Amino acid sequence: KKLPFVFSKHNYENFIKLKKIIDKSKFNFEEIESFYYFLGNRWDLKTKDGLLIKLPEKKILDSLQTAYLIKSNKNFEKNKIIDLRVSNTLIISNE
């Protein structure tokens with residue numbers, strides 16, 4: 001199996017926590033190409049099909065479930081970015 005790349009200069013315990021949350025979500029860990037960690041305990045995920053998902057600091061599982069629903073919807077298949085960083089706000093971009 002090819003493992004995703006993790007961009008982080010900080011404690012990898014945060015990645016282990018994120019991995020456990022992903023395992024609880026509808027996402028398949030093998031769909032993810034890379035992880036980007038940002039100070040403030042926030043992650044971006046890039047899927048193998050080129051979709052960038054910007055996660056918030058909290059409610060990560062809920063955000064992953066929302067991102068999965070959007071990703072699975074044919075009306076949104078051309079989008080390149082799903083930004084869930086702001087609470088109760090969804091930003092979708094095809095750029």
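Look a little higher up for the structure.
The following paragraphs examine the structure supplied in this document. (Residues numbered from 1 in each chain as written. Predicted model: local features only at pLDDT ≥ 70, side-chain atom pairs only at ≥ 80, totals over all residues. Heavy atoms only, no water.)

Looking at the overall build of the chain
Short version of the rule: Think of it this way: any DSSP run of H or I at least four residues long counts as a helix, any run of E at least two long counts as a strand, and we number them from the N terminus. Radius of gyration here is computed from C-alpha atoms only, and the compact-globule reference equals 2.2 Å multiplied by the residue count raised to the power 0.38. For each residue, the accessible area found with a 1.4 Å probe, counting protein chains only, is set against the maximum for its type, and the residue is called buried under 20%, exposed over 50%, and partly exposed in between. Residues are treated as being in contact if the distance between any of their heavy atoms lies within 4.5 Å. Per-residue and other accessible areas follow the Shrake-Rupley method at a 1.4 Å probe size, with only the shown protein chains counted as cover for residues. Charged residues are defined here as Lys and Arg on the positive side and Asp and Glu on the negative side; His and the ends of the chain fall outside this count. Every charge is mapped onto a representative atom, which is NZ of Lys, CZ of Arg, CG of Asp or CD of Glu.
Broken down by element type, the chain carries two helices and six strands. Counted from the first residue to the last, the chain has its helices and strands arranged as β-α-β-β-β-α-β-β. Here the C-alpha atoms of the chain give a radius of gyration of 13 Å, agreeing with the 12 Å that 2.2 N^0.38 yields for 95 residues. Overall size of the chain, expressed as C-alpha extent along the three principal axes, is 35 × 35 × 25 Å. Relative to its full complement of 95 residues, the chain shows a buried share of 36%. Nonlocal contacts in the chain, meaning residues at least 24 apart in sequence, comprise 41% of its contacts between residues at least 6 apart. When the accessible area of the chain is evaluated, it comes to approximately 6,600 Å², of which 52% is carbon and sulfur surface. Both charge centroids of the chain, one from 19 positive and one from 12 negative side chains, sit 2 Å from each other.

Some thoughts on the nonpolar core
Defined as follows: For our purposes a nonpolar core is just a set of buried Ala, Val, Leu, Ile, Met, Phe, Trp, Tyr and Cys residues, chained together by side-chain atoms within 4.5 Å.
Of all hydrophobic cores here, the largest spans 20 residues; its most connected members are Leu18, Ile22, Phe35, Trp43, Leu45, Ile53 and Leu55. Elements that contribute at least two residues to this core include exactly helix H1 (13–24), strand S2 (32–38), strand S3 (42–47) and helix H2 (60–72). Ranked by residue count, the leading element in this core is H2, at four residues. Ignoring anything within four residues of it in the chain, the contact list for Trp43 reads Val6, Asn14, Phe15, Leu18, Phe35, Tyr36, Tyr37, Ile53, Lys54 and Leu55.

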